[in-house]
Amino acid sequence: MSIEVRNITKTFGGFTALKDVSVNIPTGELIALLGPSGCGKTSLLRIIAGLETPDGGSIHFNGADTTRHEVRERKVGFVFQHYALFKHMTVFDNIAFGLQVRPRKTRPTREEIAAKVHELIRLVQLEGMAQRYPSQLSGGQRQRVALARALAVEPQVLLLDEPFGALDARVRQELRRWLRRLHDELHITSVFVTHDQEEALEVADRVVIMNAGQVEQAGTPEEVYDHPATPFVYNFLGNVNLFHGRVNQGQAKLGEMELSTPELAAVPDRPAVGYVRPHDLELERNYSNSSSVEASIRHIHAVGPVVRIELERGDTFEILEAELTKDVYQKLAPQVGEKVFVRPRKYRVFVDDYQI
Ligand SMILES: Nc1ncnc2c1ncn2[C@@H]1O[C@H](COP(=O)(O)OP(=O)(O)OP(=O)(O)O)[C@@H](O)[C@H]1O
């Protein structure tokens, strides 16, 4: 089932929670809606589900307009952050619930339900726990029961709202790998809400990054991480060093650092900011050219495979962060207090409405 979100707008009182949001989700894709708290992710998910009505725009399932369809007609499965399992029911009964409450005409037989529930218990790797109650399970196990319950009714679309949000970091990591494998097995079109960048980049086929009710960028994890379309996406998807300055005569003059690209030649004089990821900053002992700037080393964190180096720029006294591989670090052998030259290997300059 493909999902198309077309120009959705939603306001609550005077507040606009979603502004002209459009997203295409092809059949079988696992997509993450990623953004900071309050950016509208949950509102969009609820509109896709039919739990909320938009003020403008439409939702299409397999090309058909479902904007006015009831939740039940949309055949969606939900998993929320707080497991919301029935406490007085066993794992088996929780998973069977959606099938058991069907009208007699469409309800599977008792044997069929049992077979289905056992198949789902195997799928979510909870063999031997069918007769336990939710209170006898760990948080991660409960979330897997919630997922099995959502899958029992064979939804065409699976909607997950921060499904691992309440769990500790290690369990989260395990569950997201597990969810990815499960999705590879089932291929149900899935929309996954999270504010955790790592989670989105690791699990999703495509990531939709939202900010203040709008889509900033949509693309594969590689696309959004390696080619952020906006300053917001750059900042949101990992650490970044900012170099403030101006474009002047086709060159970005960012303190004592000068960067030029063919595209900058066409840009009129205006304020500009260079964005450089820590692993794209090179450290050199000698001055090579005007694209580098002098900085002194303040701290070296050499634990683990990546060495993080904190530097203070000589021109603006701003703090920079560079990341070197252990090999490069050992070859260069920099010392705290030493002055070096810092040069961006890869960068992006944003100029007001322009991006270069
Ligand atoms: N029923 C409502 N009434 C009034 N305002 C609402 C309602 N639901 C959401 N909002 C507001 O709309 C904005 C978007 O909320 P939404 O829950 O979609 O954000 P979110 O990105 O999912 O955030 P979080 O990660 O914190 O859940 C927020 O500012 C929120 O306060």
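The rules behind each value
- Residues numbered from 1 in each chain as written.
- Predicted model: local features only at pLDDT ≥ 70, side-chain atom pairs only at ≥ 80, totals over all residues.
- Pairing = 2+ DSSP bridges.
- Helix = DSSP H or I, 4+ residues; strand = E, 2+ residues; numbered from the N terminus.
- Axes fitted to C-alpha atoms, helices over the stretch in contact; angles between N-to-C directions.
- Near = placed C-beta within 6 Å.
- Parallel < 35°, antiparallel > 145°, perpendicular 65-115°, else oblique.
- Left-handed = near helix turned anticlockwise from the far one by under 90°.
- Contact = placed C-beta atoms within 7 Å.
- Nonpolar A, V, L, I, M, F, W, Y, C, P; charged D, E, K, R; others polar.
- Expected span 1.5 Å × (residues − 1).
- Buried ≥ 20, exposed ≤ 12 C-beta atoms within 10 Å, placed from the backbone.
- Arc of directions from axis to C-beta.
- Domains from an automatic or database assignment.

(A) Region of the structure containing the sheet that holds strand 17 (residues 306–313). In spatial order, the strands read 15-19-16-17-18; together these 5 strands make up an open sheet with antiparallel pairing. Among the strands making up the open sheet, the edge pair consists of strand 15 (281–284) and strand 18 (319–325). For this sheet, the mean angle separating the axes of adjacent strands, direction not counted, is 45 degrees.

(B) Focus on the site of the ligand. Surveying the vicinity of the ligand reveals the residues F12, F15, A17, G35, S37, G38, C39, G40, K41, T42, S43 and H195. Looking at the shell around the ligand, the elements that each hand over two or more residues are strand 2 (15–25) and helix 1 (41–49). No other element matches the 3 residues that helix 1 contributes to the shell around the ligand.

(C) Spotlight on the packing of helix 3 (residues 110–123) against helix 4 (residues 139–152). Viewed as axis vectors pointing N to C, helix 3 and helix 4 meet at an angle of 140 degrees, and their least axial separation amounts to 10 Å. By the angle between their directions, the pair helix 3 and helix 4 is classed as oblique. In the packing of helix 3 onto helix 4, the handedness of the crossing is right-handed. Contacts between helix 3 and helix 4 involve K116, V117, L120, I121 and L123 from the first element and A148, L151 and A152 from the second. Taken together, the residues of the contact of helix 3 with helix 4 break down into 7 nonpolar, no polar and 1 charged.

(D) The environment of A148, seen in detail. Along the chain, the position of A148 falls in helix 4. Considered as a pair, A148 and K41 are 107 residues apart in the sequence and their alpha carbons are 23 Å apart. If we skip the residues at most four places from it in the chain, A148 touches I95, L120, I121, L123 and V124.

(E) Representation of the sheet that holds strand 8 (residues 189–194). Read across the open sheet, the 6 strands follow the order 6-7-8-3-9-10; overall the sheet is mixed. The strands lining the two open edges of the sheet, one partner per strand, are strand 6 (76–79) and strand 10 (214–219). Ignoring which end each strand starts from, the neighbouring axes of this sheet average 20 degrees apart. Helix-sheet contacts for helix 4 involve strand 6 and strand 7 (157–161), and the interaxial angle to strand 6 is about 170 degrees.

(F) The arrangement of helix 3 in detail. Here helix 3 spans 20 Å end to end across 14 residues, near enough to the 20 Å set by a 1.5 Å rise per residue. Within the sequence span of helix 3, burial applies to V117, L120 and I121. The arc enclosing the buried residues of helix 3, seen along the axis, measures out at 100 degrees, which places them on a common side. Pointing more than 90 degrees away from the buried face of helix 3 are the exposed residues E111, E112, A115 and R122. In the core, the buried residues of helix 3 are packed alongside helix 2 (91–100) and helix 4. Once helix 3 ends, the next one or two residues include Q125, with phi positive near 55 degrees.

(G) Quick peek at the domain arrangement of the chain. Split into domains, the chain comes out as domain 1 (3–236) and domain 2 (241–355). Taking only C-alpha atoms into account, the centre of domain 1 sits 40 Å from that of domain 2.

(H) Spatial organisation of the packing of helix 2 against helix 3. In contact at an axis separation of 10 Å, helix 2 and helix 3 are set at 130 degrees when each is read in the N-to-C sense. With respect to helix 3, the axis of helix 2 lies oblique. Where helix 2 crosses over helix 3, the two elements pack in a sense that is right-handed. Along the contact surface, helix 2 presents F92, I95, A96, L99 and Q100, while helix 3 presents I113, K116, V117, L120 and I121. In the contact of helix 2 with helix 3, the residues fall into 8 nonpolar, 1 polar and 1 charged.

(I) Spotlight on the environment of L51. You can see L51 is positioned in the loop between helix 1 and strand 4 (56–61). In this structure, the C-alpha to C-alpha distance between L51 and E70, residues 19 residues apart in sequence, is 8.3 Å. When sequence neighbours within four positions are dropped, the list of residues in contact with L51 reads R46 and V71.

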